[in-house]
Amino acid sequence: MDRTTKIRIEHLFFHYGRRRVLDDVCAEIPANAITAIVGPSGQGKSTLLTCLNRLCDAVAGTRVSGRVMMHFQGQWQDILAPDVPLHWLRRKVGMVFQAPNPLPMSIFKNVAFVLKLTGQHRRPDVTDRVAQALARAFLWDEVRDRLHHDARTLSGGQQQRLCIARALVLEPEILLLDEPTSSLDSQAGEVIESLLLALRQRCTLVMVSHYQDQVRRVADCVLQMEAGKLKLLRQSGSV
Amino acid sequence: MDGERIAQKVFLLAAVLSASVTVLLLVFMVILGLPLFQGGLFLRILTHPWLPGRQLFGVWPMIVGTLAIASLAMAVAFPLSLGVSSLIAVVAPGRIAHLVKSAVAFMTGIPTVVYGFVGVFLLVPLVRETFARGSGLCVLTAGLVLGILVAPTMILFFSDALARVPGSHRVAAEALGATPAQVLVYVLIPGAWRGIVTGLVLSTGRAVGDTLIALMLAGNAAQVPGGLLDSARALTAHIALVIASDFDSLEFKTIFACGILLYAFTAAATIAVRRLGRKGEPVR
Amino acid sequence: MRQPPLDRFVRLVSWGSTLLLLASVATVIGFLLIKGYSSLSLKLVFGDTPPMEALLLRRPVFGGLFPAMVGTFSLVVLAITLAVPLGLAAGIYMAEYGRGRIQRALGLFFDILAGVPSIVVGLFGFSVAVFLHRHFGGRIYPCLLISALSLAFLVLPYLIRTTQNALEALPEAVRLTAPALGATRLQNICFVLLPRALPGILSGVILAIGRCAEDTAVIMLTGVVATAGLPRSLFSSYEALPFYIYYISSQYRDPEELATGYAAALILLAICAMLFAAAALIQQRLGARLHQRL
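From a predicted model like this one, the values you see are computed outputs, not experimental measurements.

Novice: Got a sec to walk through the interface of chain C and chain B? Specific residues and values, please.
Specialist: Facing 76 residues of chain C, the contacting portion of chain B comprises 79 residues. Of the roughly 6,600 Å² buried where chain C meets chain B, counting both sides, 83% is carbon and sulfur surface. Taken as a group, L21, L123 and F124 of chain C account for 9% of the area that chain C buries against chain B, more than any other trio of residues on that side. Counting the contacts that link chain C with chain B gives 1 salt bridge. The partner of R274 of chain B in a salt bridge is D111 of chain C, with the nearest N and O atoms 2.9 Å apart.

Take a look at the structure:
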């Protein structure tokens, strides 16, 4: 079991002020698979996602307890431990948000930005890796001629794929997706879905989704969140 | 005419009356300083030295003095303000940031004359003894105190500008593994540069326009300062010092040249900042 | 894992500058407290005159801060009385009536006025006094009224902008309730909008009071003197606390007089701190109320 499990959540509690958002959440998330978290809105699905890359730390008045173990380089590590460097964690665990959030710069720079953060400045390398990431996000052909245009001139679906490309450029082992298609039309959504299926080969995907049929199409494992509790709904045989 | 229309007229009148003060300010200075504008006298006053013994009443030394004191003040205040607003924005957000911000807001309320007074009796002797030269009343002393004086306003400007950068940009960078400093340097400061420049320009206006610090701490010698430890006289201080002289003398008229110069400088700064702000509005 | 170098640098610089700034303020306040606290006394304020006699203006005070405090007080009251109605009305115009180009042009004038150095405003007040002196029989000199008028001009743009901002910050729902019930525009402003915007306006007024109380450059040119006793009328010269502090710093004759300077600085600082605290309190209550509404 351990060999194929990527994330093990153990008795995770999350409080916002006095409100208990996550209530004793336990789960195992399989490696190289798409795990969908479903459930009514406002039940803590997005919160759970932000606990996996500790983006929740930035919000004042929150309290987290429990353990979130992740399997990196052959060993388990509790990413909630206070000595885990956040920027290191977030380079391992990428995230894509509900609304595309390109930074106010060119398409190229949006992706190259991540390389800049890790101190990689050598121009030919950067250009290559940006192109690769865009290709992996099925975006290269659409933007190759206008790499230096402002990213906000792209369509919604393209922006979202840009954000995925940006998250992929550092080859994260885990990719978190918070309703990645909900702000897009169905056609753009389909492109993203096939992109996710392709990504499964190389990383572990955890996705919050509202769409039943989308979950049926792409998810290998479905977890349901209700009133802060998480339970396993379905796990396909391949995992 | 009914009450509604009268009220509207009254409000309009109040606004126009208030705005006319801005114009009257300039008009009065120009009229009372009128002889200055004949035969290139104004230009000569701006460029000549101040040598009353030789009947030379130029304010060039005061222009240099103002620039020296204000530049030093900005050189002190700018890095200080950037540092403090970075602390508020990324380094120690939450309770510490809130406390620091309250302290900074309080500092904007400390009377200028109090800074000047403490400067006279604390910093002046210190500078005099440290450098063992002159009286301690010099560009350095005035610039340091003025820097501390304008920093709080600048910090409030900067941290407002940094806080106005959309949260989504910040979260995007954080989720990509940016460290707090990287968020600051690569996302917040580029996103807030207009606000930062605005704060810088308006604070420069304040430093140039401040009277008391220069008057109390710079020594007021009407000569071009040769170094940081030299005494200097600011344009503002010049007005305060010469106001008591004979009204019809040329010496007295120079204060209107100083006034017009200060007015022109701060008005230009205000207009520049408004231009910048308008360009900054999102184009949609 | 060690922090990346950029982060260590930013942390160092930001903590360094914060501590430096806070230390310098602490030095200013601490220095005044140490030097001035011991001379704080009733005698400092009232000299040898019995306090009650002085407060009831029965007997003059010599060698105390009382005349300067009364001078500053009258100055502030006068300046605020002159500035608030005008600033409020102009602010209402900017928020509720002004549109398009006229509003923008007026805004530009207010912004310029807000940036004009106070010594230039003082010079304007002085020029007005000279003008009146020449054209109206030579009885007008720089005096309390001229100073108050100049100070009013100094804080006017500030009052206009706070009024405007406080009104414009009101939510659309509040703005539309009364008109939907048949209220006229003026009724809406007087009975709904102004009361709701009052905390914002009030804290602006308090900060304006602080500026009037602490300003020295304006009054220096418009009638303040070192010794005048209590102000006798609007047209007389007067003493003021900030000018007294300035004057002492260069003209003190003995250590005792210098000690009164420290004490005066401490008193002025305390007054400004109290005004600041009052404004902050009002703003905080306002913030709490806005929070409830959400």
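Novice: Can you lay out the pattern of salt bridges for me, pointing to particular residues and giving the numbers?
Specialist: Residue and element names in this part refer to chain A. All chains considered together, the criterion is met by 23 salt bridges over all chains. Notably, a salt bridge pairs R54 with D57, separated by 2.8 Å at the nearest N-O pair. Across the pair R202 and E171 runs a salt bridge whose closest N-O atoms are separated by 3.3 Å. One end of the pair, R202, is in the loop between helix 7 (186-199) and strand 8 (204-208); the other, E171, is in the loop between helix 6 (156-168) and strand 7 (174-178), and 31 residues separate them in sequence. With relative accessibility at 48%, the residue R202 sits in the partly exposed group. When its relative accessible area of 43% is taken as the criterion, E171 is described as partly exposed. Each of the salt bridges in this network shares a partner with another, and the network as a whole consists of K6, K92 and E173.

Novice: For the pairing of strand 6 (residues 93-96) of chain A, give the residues involved together with the corresponding values.
Specialist: Residue and element names in this part refer to chain A. Every second residue of strand 6 is oriented toward a common face, with V93 and M95 on one face and G94 and V96 on the other, all of them buried. Pairing of strand 6 with strand 7 involves 4 bridges; the strand directions are parallel. Bridge assignment links V96 to a residue of strand 7, and that residue is L177.

Novice: I'd like a description of unusual backbone geometry, backed by residues and values.
Specialist: Residue and element names in this part refer to chain A. Of note in the backbone geometry, E171 takes a positive phi value of approximately 55° without being a glycine. If you check the backbone angles, A227 has positive phi at about 50° while not being a glycine. Here A227 lies in the loop between strand 9 (221-226) and strand 10 (229-235).

Novice: Residues and numbers for the side chain of D7 of chain C, please.
Specialist: Its place among the elements puts D7 of chain C in helix 1 (residues 5-36). Put simply, D7 of chain C is tucked away with no salt bridge, and the nearest opposite charge, on R11 of chain C, sits 6.7 Å away. For D7 of chain C, the residues in contact, after removing those within four places along its chain, are T179, P180, A181 and Q182 of chain B.

Novice: Run through the sheet that holds strand 4 (residues 62-72) of chain A, naming residues and quoting values.
Specialist: Residue and element names in this part refer to chain A. The 4 strands are arranged 2-1-4-5 in an open sheet whose pairing can be described as antiparallel. Only two strands of the sheet have a single neighbouring strand rather than two, namely strand 2 (19-30) and strand 5 (75-78). Averaged over all pairs of adjacent strands, the angle between strand axes in this sheet comes to 5°, irrespective of strand direction. In terms of strand pairing, strand 1 (residues 5-16) meets strand 4 through 8 bridges, oriented antiparallel. The residue of strand 4 that forms the bridge with H15 is R63. Running at roughly 120° to strand 1, helix 1 (residues 45-52) makes contact with strand 1, strand 2 and strand 4 of the sheet.

Novice: Just give me the short version of helix 3 (residues 107-117) of chain A, but keep the residues and values in it.
Specialist: Among the 11 residues of helix 3 of chain A, 9 are classified as buried, and the element is accordingly described as predominantly covered. By the burial criterion, the buried members of helix 3 of chain A are I107, F108, N110, V111, A112, F113, V114, L115 and L117 of chain A. Contacts from the buried residues of helix 3 of chain A go to helix 2 (86-92), helix 4 (123-136), helix 5 (140-143) and helix 6 of chain A together with helix 7 (167-175) and helix 8 (180-191) of chain B. Taken from the residues just after helix 3 of chain A, G119 of chain A is the one with a positive phi, measuring 80°.

Novice: How would you explain the packing of aromatic side chains if you had to name every residue and give the values?
Specialist: What the rule picks out here adds up to 21 aromatic pairs over all chains. An angle of 70° between the planes, with centres 5.7 Å apart, marks the rings of F31 of chain C and Y262 of chain C as edge-to-face. Here F31 of chain C is found in helix 1, whereas its partner Y262 of chain C is found in helix 12 (residues 255-293), with 231 residues between them in sequence. As far as the burial class goes, F31 of chain C and Y262 of chain C line up, both buried. Ring pairs connect the aromatic residues F117 and F121 of chain B together with F31, Y252 and Y262 of chain C, which therefore count as one cluster. Seen from the ring of W76 of chain A, R8 of chain A lies directly overhead, with NZ or CZ sitting 4.6 Å from the centre.

Novice: Would you mind going over the confidence of the model for chain C in detail, with residue names and values included?
Specialist: Of the residues in chain C, 96% reach a pLDDT of 70 or more, and the chain-wide mean stands at 88. Reported confidence for the predicted complex is 0.91 by ipTM and 0.89 by pTM.

Novice: Just give me the short version of the sheet that holds strand 10 of chain A, but keep the residues and values in it.
Specialist: Residue and element names in this part refer to chain A. Ordered in space as 6-7-8-3-9-10, the 6 strands form an open sheet in which the pairing is mixed. Two strands bound the open sheet, and with one partner strand each, they are strand 6 and strand 10. For this sheet the average axis-to-axis angle between neighbouring strands, irrespective of direction, equals 20°. Lying over the sheet, helix 7 contacts strand 3 (34-38), strand 7 and strand 8, oriented at roughly 145° with respect to strand 8.

Novice: Could you give an account of the environment of V224 of chain C, with specific residues and numbers?
Specialist: All names here are of chain C. Summarising the element assignment, V224 is placed in the loop between helix 10 (217-221) and helix 11 (241-251). By relative accessible area, which is 7% here, V224 ends up buried. V224 sits 20 residues away from Y244 along the chain, and the two C-alpha atoms are 9.3 Å apart. What V224 contacts, discounting residues up to four positions off in sequence, is I219, Y238, E239, A240 and F243.

Novice: Residues and numbers for the packing of helix 5 (residues 100-115) of chain C against helix 7 (residues 144-168) of chain C, please.
Specialist: Residues and elements named next belong to chain C. The N-to-C vectors of helix 5 and helix 7 enclose an angle of 135°; their axes lie 8 Å apart at closest approach. For the element pair helix 5 / helix 7, the angle class is oblique. As for how helix 5 packs across helix 7, the hand of that crossing is left-handed. Contacts between helix 5 and helix 7 involve Q103, G107, F110, D111, L113 and A114 on the former and, on the latter, F153, P157, I160, R161, Q164 and E168. The residue makeup of the contact of helix 5 with helix 7, split by class, is 6 nonpolar, 3 polar and 3 charged.

Conventions adopted
- Residues numbered from 1 in each chain as written.
- Chains lettered and ligands numbered in written order.
- Predicted model: local features only at pLDDT ≥ 70, side-chain atom pairs only at ≥ 80, totals over all residues.
- Heavy atoms only, no water.
- Contact = heavy atoms within 4.5 Å.
- Buried area = accessible area lost by both parts, 1.4 Å probe.
- Salt bridge = Lys/Arg side-chain N within 4 Å of Asp/Glu carboxyl O.
- Helix = DSSP H or I, 4+ residues; strand = E, 2+ residues; numbered from the N terminus.
- Buried < 20%, exposed > 50% of the residue type's maximum accessible area, 1.4 Å probe, protein only.
- Pairing = 2+ DSSP bridges.
- Lys, Arg positive; Asp, Glu negative; His and termini not counted.
- Axes fitted to C-alpha atoms, helices over the stretch in contact; angles between N-to-C directions.
- Phe/Tyr/Trp six-rings, centres within 6.5 Å; stacked < 30°, edge-to-face > 60°.
- Lys NZ or Arg CZ within 6 Å of the ring centre and 35° of its normal.
- pLDDT = per-residue confidence, 0-100.
- Parallel < 35°, antiparallel > 145°, perpendicular 65-115°, else oblique.
- Left-handed = near helix turned anticlockwise from the far one by under 90°.
- Nonpolar A, V, L, I, M, F, W, Y, C, P; charged D, E, K, R; others polar.

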